[in-house]
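Structural description and commentary
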Amino acid sequence: MYKRTIIEEIARKLCKSYHIKEIITPVFEHTILFQRGVGETTDVVQKEMYTFQDKGNRSITLKPEGTAGAVRAYLENSLYAESQPTKLFYITQAFRYENPQSGRLRQHHQFGVEIFGSASPLAEIEIISLLTEFMEELGLKGVKLYINSIGCKNCRKTYNEALLDFLNEHANELCGTCKERMQKNPLRVLDCKVPTCQEIIKDAPRTIDYLDEECKGHFEELQNLLKEMDISYQVDTGIVRGLDYYTRTVFEFINSEGLTLCGGGRYDNLVNEIEEKQDIPAVGFGFGIERIIKELDAEGVELATEPAVDLYVGILGKESRAAAYRLVKSLRKSGLIVETDYMDRSVKAQMKYANKIGAKNTVIIGADELAAGKVNVKNMDTGNQIEVDLESIGSIL
Ligand code: HAM
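Figured I'd write up the structure that's included with this text. (Residues numbered from 1 in each chain as written. Predicted model: local features only at pLDDT ≥ 70, side-chain atom pairs only at ≥ 80, totals over all residues. Heavy atoms only, no water.)

**A word on the overall build of the protein**
As a reminder, the rule being used: Per the convention used, a helix needs a DSSP run of H or I reaching at least four residues, while a strand needs a run of E reaching at least two, with both numbered from the N terminus. The globule rule is 2.2 Å times the number of residues to the power 0.38, and the radius of gyration it is compared with is taken over C-alpha atoms. For each residue, the accessible area found with a 1.4 Å probe, counting protein chains only, is set against the maximum for its type, and the residue is called buried under 20%, exposed over 50%, and partly exposed in between. Whether two residues touch is decided by their heavy atoms; if any such pair falls within 4.5 Å, the residues are in contact. Here the Shrake-Rupley method, with its probe set to 1.4 Å, supplies the accessible areas, and only the displayed protein chains count as covering residues. Residues scored as positive are Lys and Arg, those scored as negative are Asp and Glu, and His as well as the terminal groups of each chain are ignored. Think of each charge as sitting on NZ of Lys, CZ of Arg, CG of Asp or CD of Glu.
Of regular secondary structure, the protein possesses 15 helices and 16 strands. A compact globule built from 397 residues would reach a C-alpha radius of gyration of about 21 Å, whereas the protein, at 28 Å, exceeds it by more than 25%. Overall, the protein is about 90 × 55 × 45 Å in size when its C-alpha atoms are taken along their principal axes. Within the span of the protein, comprising 397 residues, buried residues form 50% of the whole. Across the protein, the fraction of contacts at a sequence separation of at least 24, relative to all contacts at a separation of at least 6, is 67%. If you sum the accessible surface of the protein, you get close to 20500 Å²; carbon and sulfur atoms cover 48% of it. Between the centroid of the 49 positive side chains of the protein and the centroid of its 60 negative side chains there is a distance of 6 Å.

Here is the structure:
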């Protein structure tokens, strides 16, 4: 939890400097939103959603990702009517009924950003630049950026024909799901994890060979900008992403073991697919928070350690309790981390406890100290003791 808090703090600080505003969307949405948004033929919709009937007989689904809900909120709150772009971020839980394993959870958390209203490759740069800074701040070095373009609706038509021709030649060797998917949405066949399918997919036509002039131009401009910004990347023509809404740019940040920590891209048709009257381009990413923690551990990166207790206030005698607790309260108010005894322990046991929790300093408050108005503050590292006025403890810590 402590690591997560730091990760979230870094994310929030970065988003603030990028002028990206935070949103929270509900944990569940109408199932149809994900069916239409994420896509009927995706693994997420076909196999991984937690879908329930509520008491009003509505089909609801725990959000498997953050984008569809963000788009719904953007539309429902008419954010498109404000000056564009609209730049939003979220830190949310997400639910996917997957086979749980290391790095793959049924409830995970994502830090995500969505930018609405810009068709310019500079919007991709904004997202990718934030991500590279995010990883720099976290201290991650082993995660690399891979990009690809899967074109727009136009390019998809010609590409799908070529892909379908190719898949037809291998139809007998494909798994059952792929046989079904290739008719409805051949691109999704490329996500298949079945080894025999993967062997075939390796030689499938590549989306970047079927881009129209505009999509080609967009991809080239993006790459030029990345180079000019000194952001290192590699084109990986195998990246098509597992969700249906992407158009043009897709990208992933992948670690040395091939685990994707962050995925995203442009989705210029999704807003329109959810609300016919609006036609607004968008781009975004989702970063798995548990996968960040896994990567930090694997790379041996220590995020700042949990702050230590500045002072342990020991209590000697019941009659000193209120005065001791008043002191604790006032020192906490001044910003110090202060602990005391709630267990009616002996002074010896209290000091043992103070040592155990790593308190930097200790002090004992009893009737004598209160009468004299003076206390001994002990530095637990050096063992040195200093006598100070009761009111001045804060100034020496
Ligand atoms: P996604 O690639 O499905 O994209 O998920 C984003 C990230 O969430 C992954 O790269 C991974 O780190 C993490 N993740 C996904 N599933 C799991 C899981 N079962 N266990 C642990 N971590 C997981 C999206 O969700 C898109 N909404 C991203 C996006 C935003 N594209 C545009 N805007």
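Now, onward.
**Notes on the sheet that holds strand 3 (residues 51–53)**
Strand pairing in a sheet is mediated by backbone hydrogen bonds. Such pairs are either parallel or antiparallel. Test applied: A pair of strands is considered paired only if DSSP assigns at least 2 bridges between the two. Fitting a line to C-alpha atoms yields each axis, with helices limited to the stretch in contact; the angle taken between N-to-C directions then spans 0 to 180 degrees.
Across the sheet, which stays open at both edges, the 3 strands sit in the order 2-4-3 with antiparallel pairing between neighbours. In the strand order of this sheet, the two ends are held by strand 2 (28–30) and strand 3, each with one partner. Going across the sheet, the axis of each strand differs from the next one's by a mean of 35°, ignoring polarity. In the sheet, strand 2 pairs with strand 4 (residues 59–62) via 3 bridges, with the strands oriented antiparallel. Across the sheet, Glu29 pairs through a bridge with Thr61, a residue of strand 4.

**Comments concerning the sheet that holds strand 13 (residues 338–340)**
Ordered by their spatial adjacency, 5 strands build an open sheet running 13-12-14-15-16, and the pairing between neighbours is mixed. The sheet is open, and its two edges are formed by strand 13 and strand 16 (385–389), each paired on a single side. When strand polarity is set aside, the average angle formed by the axes of neighbouring strands in this sheet is 25°. Sheet analysis places strand 12 (residues 311–315) next to strand 13, joined by 3 bridges and oriented parallel. Paired with Leu311 across the two strands is Val338, which belongs to strand 13. In this fold helix 13 (residues 347–356) packs onto strand 12 and strand 14 (361–365), with an angle of close to 165° to the strand it touches most, strand 12.

**Considerations on the environment of Tyr312**
Relative to the assigned elements, Tyr312 resides in strand 12. Under the relative-accessibility criterion, Tyr312 is labelled buried at 0%. Spatially, the C-alpha atoms of Tyr312 and Val189 are 61 Å apart, while their sequence positions differ by 123 residues. Among all residues touching Tyr312, those that are not within four sequence positions of it are Glu339, Thr340, Asp341, Gln350, Met351, Tyr353, Ala354, Ile357, Ala359, Asn361, Thr362 and Val363.

**Observations concerning the nonpolar core**
Stated precisely, the cut-off is as follows: Grouping buried Ala, Val, Leu, Ile, Met, Phe, Trp, Tyr and Cys residues that are joined through side-chain atoms within 4.5 Å yields what is termed a nonpolar core. Boundaries of every domain are those given by an automatic assignment or by a domain database.
By size, the foremost hydrophobic cluster in this structure holds 48 residues, and its most contacted members are Val71, Phe116, Leu174 and Leu190. In terms of residues, this core owes the most to one element, helix 4 (residues 67–76), which gives 5 residues. Split by domain, this core shows at least three residues from each of two domains, domain 1 (2–151 + 229–299) and domain 2 (153–211). When near neighbours in sequence (up to four residues on either side) are disregarded, Val71 contacts Phe116, Tyr267, Leu270, Val271 and Ile274. Among the nonpolar cores identified, the runner-up in size contains 44 residues, and Ile6, Ile125, Phe253 and Ile293 belong to it.

**Thoughts on the site of the ligand**
Heads up, the rule is: Here a residue is near a molecule or strand as soon as one of its heavy atoms is found within 4 Å of it. Two N or O atoms count as a polar contact when they lie within 3.5 Å, although within protein this holds only if one can serve as hydrogen donor and the other as acceptor, and sequence-adjacent residues are included solely when both atoms are side-chain atoms.
Taken together, 25 residues surround the ligand, and among them Glu65, Glu98, Arg241, Tyr246 and Leu261 come closest. Contact distances for the ligand include 3.2 Å between an oxygen atom and a side-chain N or O atom of Gln110. One of the backbone N or O atoms of Phe285 is found 3.3 Å from a nitrogen atom in the ligand. Isolated, the ligand exposes 650 Å² of accessible area, and the fraction of that covered by the protein chains is 96%.

**Notes on the pairing of strand 6 (residues 107–116)**
Of all 10 residues in strand 6, 9 are buried, a share of seventy percent or more. As paired strands, strand 5 (residues 86–95) and strand 6 are joined by 10 bridges and run antiparallel to one another. Across the sheet, the residue bridging to Lys87 is Ile115, located in strand 6. In this sheet, strand 11 (residues 282–288) lies alongside strand 6 in antiparallel orientation, the contact comprising 7 bridges. The residue bridging Gln110 from the neighbouring strand is Gly288, located in strand 11.

**So, helix 4**
Counting buried positions along helix 4 gives 9 out of 10 residues, so the element sits mostly inside the fold. Inspection of helix 4 places Thr67, Ala68, Gly69, Ala70, Val71, Arg72, Ala73, Tyr74 and Leu75 among the buried residues, and these make up the whole buried set. As for helix 4, its buried residues are in contact with strand 2, helix 2 (31–37), strand 5, strand 6 and helix 10 (270–274). Positive backbone phi, approximately 50°, marks Ser78, located one or two places after helix 4.

**Quick notes on the packing of helix 5 (residues 121–138) against helix 9 (residues 213–228)**
Threshold: Should an angle fall under 35 degrees it is taken as roughly parallel, and over 145 as roughly antiparallel, whereas 65 to 115 is taken as roughly perpendicular and any remaining angle as oblique. By convention, the crossing between two helices is left-handed when the near helix turns anticlockwise from the far helix through less than a right angle, and right-handed when the turn is clockwise. Residues were grouped as follows: Ala, Val, Leu, Ile, Met, Phe, Trp, Tyr, Cys and Pro as nonpolar; Asp, Glu, Lys and Arg as charged; and all remaining residues, including Gly, as polar.
The N-to-C vectors of helix 5 and helix 9 enclose an angle of 40°; their axes lie 9 Å apart at closest approach. Overall, the two elements helix 5 and helix 9 adopt an arrangement that is oblique. Both helix 5 and helix 9 take part in a crossing whose hand is right-handed. Touching Pro121, Leu122, Glu124, Ile125 and Ile128 of helix 5 are His218, Glu221, Leu222, Leu225 and Leu226, all from helix 9. When grouped by side-chain class, the residues that make up the contact of helix 5 with helix 9 number 7 nonpolar, 1 polar and 2 charged.

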